[in-house]
Amino acid sequence: MSRPSASLAWLLAAWLLLVLALPAQAAGRERLSLDAGWLFHRGEVAMPAIKGHGMSYQNGKANNGWGAAAADFDDSAWRRLDLPHDWAVETPFDRDENVSQGYRTRGIAWYRRYLQLPTSDRGRHIELQFDAIATHSTVWVNGVLVNRNWSGYNGRNIDITPFVRYGDDVNTIAVRVDADAQEGWWYEGAGIYRHTWLVKRDALHIATDGLHANPVKQGARWSIPVEVTLQSSDKAAREGLVEVALVDPAGREVAKGSARARVAALESAIARVKLDVREPRLWSLAQPNVYRVQAVLRDGAREIDRTEVQTGFRSIRFDADRGFFLNDEPVKIQGVCIHQDHAGVGVAVPESIWEFRLRRLKEMGTNAIRFAHNAPAAEVLDMADRMGFLVMDENRHFNPSPDTLQQLTWQVRRDRNHPSVILWSIFNEEPLQSTESGYEMARRMVSEIRKLDATRPVTGAMHGGLTTDLNAADAIDVVGLNYQIWIYDDYHKKHPKRPLTSTEDTSAFMTRGEYASDKERQVFGSYDDEPSSWGNTHRQAWKAIAQRPFIAGGFVWTGIDYRGEPTPYQWPSASSFFGAMDLAGFAKGAFWIHQAQWVKDRPVVKLQPHWNWPGREGQPIHVMVTSNAQRVRVLLNGREVGEQAVDPYEMNHFQVPYAPGRIEAVALRDGREVARDVVETSGAPARLVLTPDRPALAGDGLDAVPVTVSAVDAQGRPVPLAQDKVGFALEGPGAIIGVGNGDPNSHEADKASERSLFNGLAQVIVQARREGHGRLKLRASAEGLQAAEVELAVNAASAPPQAPVAEPTTPLLSWRVSPPTAGRPDPNVVLAESDMNSWGWDEPPMRRGPEAEAFRLYRSSVNVRADRNDGRAQLTFGSIAGKAEVWVDGAKLGEKTDAAPAPFAVTLPRGVWRRQVTVLVQAAPGQPSGILGRVTLERGSP
């Protein structure tokens, strides 16, 4: 068979390039997880010093990322991991580190990932999404700086369409994380600790967070004024049809509408549809009915994009005299403040662990959460909607300057559909709160919120400054009070039209399982008699709120312990003592106090302390009983010790002479027993017990289960003082991702296969593998104790669609191209460093001619990865048109003798890490020439 002529080969090559350049047929939205397959390096990667004219010139160009930002950087020795990831929790405690950050090393780190896009994506809108990175971060795509961000709590949606390549080309994403930067005075973690996504849409598409569908009530009628923001990255104006449907909790479509919108190239437009809804099922705390609003964008009859949001029908209002109303019913806000870290995993908390945390808060009687002091993960707000929590959604930075205002508007756009969100909070305890500057700052931030959402009031958490002539309280809708019980009545009297709520209260100290404070050991007793110098006990704080109808409610500091801020102690204490639960979610005394105060739908009774007091026989032990009944009775070994009417605020207290055995608290209503709690004296630990939070996991690579580890004596009674070190082993399709025990003073590793019990309890978190199925067997063992085993089913489940992980390649970019010459030039000619213009600049494909002169030189440099510098790596050219010679560092490595366009490759010998590549191309007479395909350094055959 004869070979095609050079002209025919050129026509074929030109046709192929034309096809690759055509826009793809528009496809629907793809939202792909980018969590898998990242490369990680802890520590800074030094950028080269910018010296000399040539380097300075290149440094000012768009695609010249240096060091680890460069597309061809050698990351072959980096650690491979999946996100979310918090590197700070992996580090040992260090007394020289910041106490507020929990004595953890943070610093600088880098992440890199490789990604390929099919040619069918050409012409689509490509968006890179980071849900949050702690703390400051810079993102490069293919060496081009595409985003800088100045907060560890906001997400960002980056249009990377201009920067990506398609087909065989591999795209490089590089992220530098600066976790030396701090925003809070608590543990903030370090790294890409929330999810990452790649979103592909038609050039005409619904903008990210562009569906606004918040129900409103006018008289007795409900409607949803839907706004759908469309964007276009197309080259000409386009028109689209937006169809909107409302789906009720049972999955039935109950309303629909449509609207058209025309969008200019690289512009946006809003399509508006009003949905009228008859007798919707209301969203409430007891029945959190969640609706879905679905928006479909069509180009003619063809669907090109769709999205949906959760929403709910509920009315909210804050009354200056009567507090908060939900659906026109008064509701006292029984809230807690929480941070976002958990035992074992730091701030990289799986959604299933968040669900566990929220479920524990619900069990305590909590009906509201203040995510302090920052935007939570989007998935957590979805849970709050479904589980029936009220949310105070708080902005991190009190500042109306452009960078920080953008963080606020991002948060409002993302969260404004959630029925759980009842308050926007724009600051916490700001020194400027009492000043005219604070007023002006707050006024501007409130104005920006109202442009995006006029249905929710705005608050700010003030710990002072309320009595000045002009302050931030004058600009907000609901005045938030932190730790100011003494001002409640006076402020309400002076400002009778202003709604009030406690935005933060209590700040009392407890250590789980301890019942006597000891400064030497840095522990606190659990009887709620250790308030901070600025706060109150749990009982005092709630009593002040509950007895005042004009106070809408409160938010206890805090619902759950958190790393850092180990007030009032420092080293060795590394996490807080404020929580009603410890860092693992185990209940402290405050949990039972609030359960008695807040739970109304079931009888509650809890007896404290434990009943192991050897050596104190006959001595009085302080027994606290918390109950929501009318009366409580205490029995010791079957004999009545005492009976009291329940005090709903201060709880009930008994002095009981200690005798080993069985102590009981009986809750009585109308003289009849409605609940009972029993505590028994135990013997020495004899065996371990493993109690998983649930018996099965989804094999999607995301689901995780906390398993409680405890010790019991020979009769099976819990041993509350056990401190045994427990080792763990796991078999099956999963991994242990963290361990903890809730001890604020513990310095044991979170990422480990062992953990000591603390006052009888520890926790191990098990996560299933992606595409996992079968059974996990967890075994716990400790010296001198009978081991425990538990099996968990791993059920096959679909993971979110994944963006495949590409293998790293080393592309040759930023080529210099000489002018054409009639005679053969010297391939090793040296360009003056200051010469930026006698040779041109280009990137493959580089097509030249036909030209009268036959010869050109093409020159680039390559950073040779360690795994390519073995003497077998191939320098591959997708296609070269013309005869060619390939020279590297002055040595000729290969020659292409046929002028027809064709692939070509040479073997790169071992050598220095930085090489200069020069290609001498001789065009066939009357034919174009050049480097037509991608140029990469690939692994060679073994």
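Look above for the structure.
Residues numbered from 1 in each chain as written. Predicted model: local features only at pLDDT ≥ 70, side-chain atom pairs only at ≥ 80, totals over all residues. Heavy atoms only, no water.

It is worth spelling out the environment of T119 at this point. Turning to its location among the elements, T119 is positioned in the loop between β4 (108-115) and β5 (125-130). By relative accessible area, which is 34% here, T119 ends up partly exposed. Considering only alpha carbons, one finds T119 and Y166, 47 residues apart in sequence, at a separation of 5.1 Å. (Helix = DSSP H or I, 4+ residues; strand = E, 2+ residues; numbered from the N terminus. Buried < 20%, exposed > 50% of the residue type's maximum accessible area, 1.4 Å probe, protein only.)

Let us look at the nonpolar core. Membership of the largest hydrophobic core comes to 90 residues, with the highest contact counts inside it found for L361, I426, W611 and I663. If you tally residues by element for this core, the top one is helix α6 (residues 436-452), at seven residues. Every residue in contact with I426, bar those within four places of it in the chain, is listed here: N395, H397, F398, A442, M445, V446, I449, V458, T459 and I476. Among the nonpolar cores identified, the runner-up in size contains 68 residues, and L34, L198, V290 and F318 belong to it. (Core = buried A, V, L, I, M, F, W, Y, C linked by side-chain atoms within 4.5 Å. Contact = heavy atoms within 4.5 Å.)

Here we take up the pairing of strand β16 (residues 268-277). Residues A269, A271, V273, L275 and V277 of β16 are buried on one face, while the alternating residues S268, I270, R272, K274 and D276, pointing to the opposite face, are not. The pairing of strand β13 (residues 221-232) with β16 spans ten bridges and is antiparallel. Paired with I224 across the strands is L275, a residue of β16. (Pairing = 2+ DSSP bridges.)

With that out of the way, let us pick up the sheet that holds β4. Taken in spatial order, the six strands make up an open sheet running β3-β2-β4-β9-β6-β7, and their pairing is antiparallel. Single-partner strands in this sheet number two, and they are β3 (79-81) and β7 (144-149). Taking each pair of neighbouring strands and ignoring which way they run, the sheet shows an average axis angle of 25°. Relative to β3, strand β2 (residues 38-42) runs antiparallel, the two sharing three bridges. (Axes fitted to C-alpha atoms, helices over the stretch in contact; angles between N-to-C directions.)

With that out of the way, let us pick up the sheet that holds strand β14 (residues 238-247). Taken together, four strands build an open sheet; the order of strands is β15-β14-β17-β18 and the sheet is antiparallel. Bordering the open sheet on either side are β15 (253-263) and β18 (302-311), each of which pairs with just one other strand. This sheet shows a mean twist of 20° between the axes of neighbouring strands, independent of strand direction.

Attention now goes to the packing of helix α3 (residues 351-364) against helix α4 (residues 378-387). Across the interface, α3 lies against α4 with an axial gap of 10 Å and an inter-helix angle of 40°. In terms of their interaxial angle, α3 and α4 are classed as oblique. As for how α3 packs across α4, the hand of that crossing is right-handed. Taking contact as the criterion, the partners of E351, W354, E355, L358, R359 and K362 in α3 are, on α4, E379, V380, M383, A384 and M387. Here the contact of α3 with α4 is composed, by residue class, of six nonpolar, no polar and five charged. (Parallel < 35°, antiparallel > 145°, perpendicular 65-115°, else oblique. Left-handed = near helix turned anticlockwise from the far one by under 90°. Nonpolar A, V, L, I, M, F, W, Y, C, P; charged D, E, K, R; others polar.)

Once that is clear, we can look at the side chain of D453. Topologically, D453 is positioned in the loop between α6 and β26 (458-462). Classification of D453 by relative accessible area gives buried; the value is 1%. There is a polar contact of 2.6 Å between the side chain of D453 and the side chain of T455. In this structure the side chain of D453 is engaged in a polar contact, spanning 3.1 Å, whose partner is the side chain of R456. Aside from chain neighbours lying at most four places away, what touches D453 is N214, V412, R416 and W424. (Polar contact = N/O pair within 3.5 Å; in protein donor to acceptor, adjacent residues only side chain to side chain.)

Most of β4 is tucked away, with eight of its eight residues classed as buried. Direction of pairing for β2 relative to β4: antiparallel, over a ladder of four bridges. Across the sheet, R42 pairs through a bridge with A109, a residue of β4. Sheet topology places β4 next to strand β9 (residues 171-178); eight bridges connect them, and they run antiparallel. Note that in β9 the partner of L115 across the bridge is N171.

So, about the packing of aromatic side chains. In total, this model carries 26 aromatic pairs according to the counting rule given. Considering the side-chain rings of W185 and W186, the 4.7 Å spacing of their centres and the 75° angle between planes classify their relative orientation as edge-to-face. By relative accessible area, W186 is classed as buried at 2%. Taking 5.3 Å as the distance between ring centres and 40° as the angle between the ring planes, the aromatic pair formed by F509 and F578 counts as tilted. (Phe/Tyr/Trp six-rings, centres within 6.5 Å; stacked < 30°, edge-to-face > 60°.)

Structurally, the position occupied by V726 is in strand β40 (residues 725-731). The exposure class of V726 is buried, given its relative accessible area of 0%. Here the alpha-carbon distance between V726 and E430, two residues 296 residues apart in the chain, equals 45 Å. Excluding anything up to four places from it in sequence, V726 contacts L688, V709, S753, E754, R755, S756, L757, A780, S781 and A782.

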